[in-house]
Amino acid sequence: MKGFISVEMSNSQGMALCRAKVTRFLGAKQYSEAPDGGWGWVIAVAFFLVEIFTYGIIKTFGIFLQDMMEEFNETNSRVSWIISICVFIMTFNGPLSSVMTNRFGFQFVVMIGGLLISTGTIATSFTSSLNQIYITYGLVAGLGYCLTFLPTVTILSKYFSCRRSLVTALASTGESFAMFALAPAFSVLRDKIGWRHTMAVIGTLQSIIIICGVLLRPIIIKPRATQSTETDTFSPKELEALKTQENIDSLVLENFETKKNGIQSLRQTSTPEENTLLDKEAKLEMAPSCLEESKEPATEKHNKGEEKLMDKEEGRKSGDTNLSSANSRLLDFSLLKESSFILYSLFGLFATLGFFAPSLYIIELSVSRGVERERATYMLSIMAVADILGRFSIGWVLSREVFRTRKLLVLLVCVVMMTVDLVGFTLVTEFHGLAVCCGLYGFFMGTLACTHIPMLAEDEVVGVERMSSAAGVYVFIQSFAGLGGPPLGGLLVDLTENYGAAFYSCAVGMGLGAVFLGLVRLAKKGLPCRRRSPNRSAVEHERNLGHKEESGEEKLDKRTHNYSEPEDKQDISQEGATREIKEVTA
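Rules used in this analysis
- Residues numbered from 1 in each chain as written.
- Predicted model: local features only at pLDDT ≥ 70, side-chain atom pairs only at ≥ 80, totals over all residues.
- Heavy atoms only, no water.
- Helix = DSSP H or I, 4+ residues; strand = E, 2+ residues; numbered from the N terminus.
- Buried < 20%, exposed > 50% of the residue type's maximum accessible area, 1.4 Å probe, protein only.
- Areas by Shrake-Rupley, 256 points an atom, 1.4 Å probe, with all protein chains shown as cover.
- Salt bridge = Lys/Arg side-chain N within 4 Å of Asp/Glu carboxyl O.
- Core = buried A, V, L, I, M, F, W, Y, C linked by side-chain atoms within 4.5 Å.
- Contact = heavy atoms within 4.5 Å.
- Axes fitted to C-alpha atoms, helices over the stretch in contact; angles between N-to-C directions.
- Nonpolar A, V, L, I, M, F, W, Y, C, P; charged D, E, K, R; others polar.
- Arc of directions from axis to C-beta.
- Phe/Tyr/Trp six-rings, centres within 6.5 Å; stacked < 30°, edge-to-face > 60°.
- Lys NZ or Arg CZ within 6 Å of the ring centre and 35° of its normal.
- pLDDT = per-residue confidence, 0-100.
- Patch = residues over 30% accessible without salt bridge, like charges linked within 9 Å, V, L, I, M, F, W, Y side chains within 5 Å.

Bringing the overall build of the protein chain into the picture now. The secondary structure content of the protein chain amounts to 23 helices and two strands. Here the protein chain, with 586 residues, has 42% of them falling under the buried criterion. Summed over its atoms, the accessible surface of the protein chain is roughly 31100 Å², and 62% of this surface lies on carbon and sulfur atoms.

When the charged atoms of two side chains with opposite charge come close together, those side chains can pair. Under the defined criterion, the tally for this structure stands at nine salt bridges. Linking Glu74 and Arg78 is a salt bridge whose minimum nitrogen-to-oxygen distance equals 3.1 Å. Judged by its relative accessible area of 24%, Glu74 falls in the partly exposed class. The exposure class of Arg78 is partly exposed, given its relative accessible area of 30%. Of the charged contacts, one joins Arg391 and Glu175 as a salt bridge, the two residues approaching to 3.3 Å between their closest N and O atoms. Within this pair, whereas Arg391 is found in helix α18 (residues 378-398), its partner Glu175 is found in helix α9 (residues 174-193), the two being separated by 216 residues in sequence.

Attention now goes to unusual backbone geometry. The backbone of Asn73 shows a phi angle near 55°, a positive value even though the residue is not glycine. Tracing the backbone shows Asn73 in the loop between α3 (65-72) and α4 (76-92).

Membership of the largest hydrophobic core comes to 111 residues, with the highest contact counts inside it found for Tyr137, Tyr344, Phe425 and Leu456. Counting residues per element, this core draws most heavily on helix α7 (residues 130-159), which supplies 13 residues. Setting aside residues no more than four positions away along its own chain, Tyr137 makes contact with Ile57, Ile58, Phe61, Ile82, Cys86, Gly120, Thr121, Thr124, Gly142, Tyr145 and Met199.

Turning our attention to the packing of helix α2 (residues 40-60) against helix α8 (residues 164-171). Where α2 meets α8, the axes come as close as 8 Å, and the angle between the chain directions of the two elements is 35°. Contacts between α2 and α8 pair Trp41, Ala44, Phe47, Phe48 and Glu51 from the former with Val167, Thr168, Leu170 and Ala171 from the latter. Residues belonging to the contact of α2 with α8 are distributed by class as follows: seven nonpolar, one polar and one charged.

Moving on to helix α10 (residues 195-205). When α10 is considered as a whole, its buried residues turn out to be Trp195, Thr198, Met199, Ile202 and Gly203. When α10 is viewed along its axis, its buried side chains cluster within an angular range of 140° and face the same direction. Its buried side turned inward, α10 meets α2, α3, α6 (106-124), α7 and α9.

Turning to the packing of aromatic side chains, a few remarks are in order. Counted by the stated rule, this structure contains 19 aromatic pairs. The interplanar angle of 40° and the centroid separation of 5.9 Å between the aromatic rings of Phe47 and Phe149 together place this pair among those described as tilted. One end of the pair, Phe47, is in helix α2; the other, Phe149, is in helix α7, with 102 residues separating them in the sequence. Here Phe47 matches Phe149 in class, with each residue buried. The structure contains a cluster of three or more aromatic residues connected by ring pairs, namely Phe61, Phe64, Tyr137 and Tyr145. Geometry around Trp39 places Arg217 over its ring, the cationic atom sitting 4.9 Å from the centre. If you follow Arg375 out to its NZ or CZ, it ends over the ring of Phe431, 4.0 Å from the centre.

Atom-level detail of predicted coordinates should not be read off regions where pLDDT is low. Predicted confidence across the protein chain gives a mean pLDDT of 74, with 66% of residues reaching 70 or more. The model gives residues 528-545 a pLDDT under 50, and that stretch makes six contacts with residues more than four places away or in other chains. Below pLDDT 50 for its whole length, residues 580-586 participates in eight contacts with residues either more than four positions away or in separate chains.

Right, let's talk about the environment of Gly194 for a bit. Looking at the element boundaries, Gly194 is found in the loop between α9 and α10. You can call Gly194 partly exposed: its relative accessible area is 25%. In the structure, Gly194 is positioned 130 residues away from Phe64 in sequence and 9.7 Å away in space, judged by C-alpha atoms.

Here we take up helix α5 (residues 94-104). All buried positions along α5 are accounted for by Gly94, Pro95, Ser97, Ser98, Met100 and Thr101. Residues of α5 that are buried make contact with α4, α6, α7 and α21 (467-496).

With that out of the way, let us pick up the side chain of Thr173. On the secondary structure map, Thr173 appears in the loop between α8 and α9. With residues near it in sequence (within four places) discarded, Thr173 still touches Phe48, Arg391 and Phe392.

In this section: a nonpolar patch on the surface. Together, Phe180, Val385 and Leu389 make up an exposed nonpolar region whose accessible area comes to about 260 Å². Structurally, Val385 is set in helix α18.

Right, let's get into the environment of Phe516. The residue Phe516 is located in helix α22 (residues 500-525) in this model. When the C-alpha atoms of Phe516 and Phe350 are compared, they prove to be 9.1 Å apart, with 166 residues separating the residues in sequence. Apart from residues lying up to four places away in sequence, Phe516 is in contact with Leu343, Leu346, Phe347 and Phe350.

What follows is the structure in structure tokens.
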């Protein structure tokens, strides 16, 4: 029996030790500032894998559309709704992702998202109708994509500050890597084992996201406590006045003790009548002294100083508590009151209209301009290569010291250039011109794709502290353009019988996005809100400091005057008592 108990105790101790090691290895990381490395590199690798198995798989899903059309005997538009529903669910539920992340943490939410993605994709291989695929892949997998992508890009932005743009750009190339490497591989696998078994293989590979979720260690940014004391809040004049005040307090106490001892010695050598007079004198002396002591005892001054320090410490802690409670809100609706965030969200809404047309209609546009269909398929490859170059380039540019405070301006230039390029698609009529437009589009598309969400972490927009809530609301607003953009482009093509009409609508949307993006920086600076100028506020601050110093000196003069009055009264009363004693002895 004892041996059994000892074995149980050893097992429990071993499990506790193992749990402690796991917590230490995968628990929260605490830094005084963003580390710009360390465990952040593991987060970057995790984000790279998440990009492969989320956006990368979505963009390669088109290789299965033709097989689904033939097996279920459905039209192209009906099958295309699978991706539309999936992307809409992914973006529309952005606030849900933010709420769950703030409530349960990054690791748990991403693990649940990976489980939903894997389950939905594997379940798609067992469906018997297109409506079932709408549910398995559109709803289930789409919700999993939502719970996976946003938390990962959010925590990556928290681990990096100076290198944030470069690391995000490099890690986001997983999407392009999937288009290059996995799309051909899945095409070959589909031809050998069929689309259903290929979907099951993809779903199994997507379970890697669960492991990536485990690696997302939470980060706690806790600035170093400043070594400050009570005297830090006083000016040199106030410090000198306080020292003078302490000297006065000590002199008053010494004077009181000396007088008290003198009266006691006189009482021992005096007659009963003299003692009566001495008692009167003692009462006269003790009354003002006790009154002053009750107002401001010396020991109480020390206690008050300690109390002030404790109040300061409690205030600092309560400030930290308020900050942490603000960060722990399920969804920060105060973002909707900030004009900078509203303008940036409108930029994302209209710019999303320009994201879909080239990849959907570039082949048909090229064929309509006289390009052979086989050569027209190269347009997508040109876009993919240029996309990778754009991501690397914007990451390097935004990591330069000269552009760290001008990131919104760099993004604005990319949006304007992309608008001009979309107009160019409607003007060129031959292969080389279209190839140049596709290269420029892919390059600037790469710059926007890897920066528009991480840009929320910049102080010019909302800041890294509230990025989790901001990303959810921002992607939610984008979802409406993602859902309505493709049907709008298709409607214009049907009405005009010209594929260039879809590019016109994209150019208009991107141009409006550039206008709103240009107003974000002005709104953050407060120019439309008529805020007080910095010079004026600085002058008022100096005036307030001067007023505080003067009021401190006036209070000190009053205290000194109050202390001097009792001493004068004590001298008068002492002289009167001595005179009465002399008369009695005479």
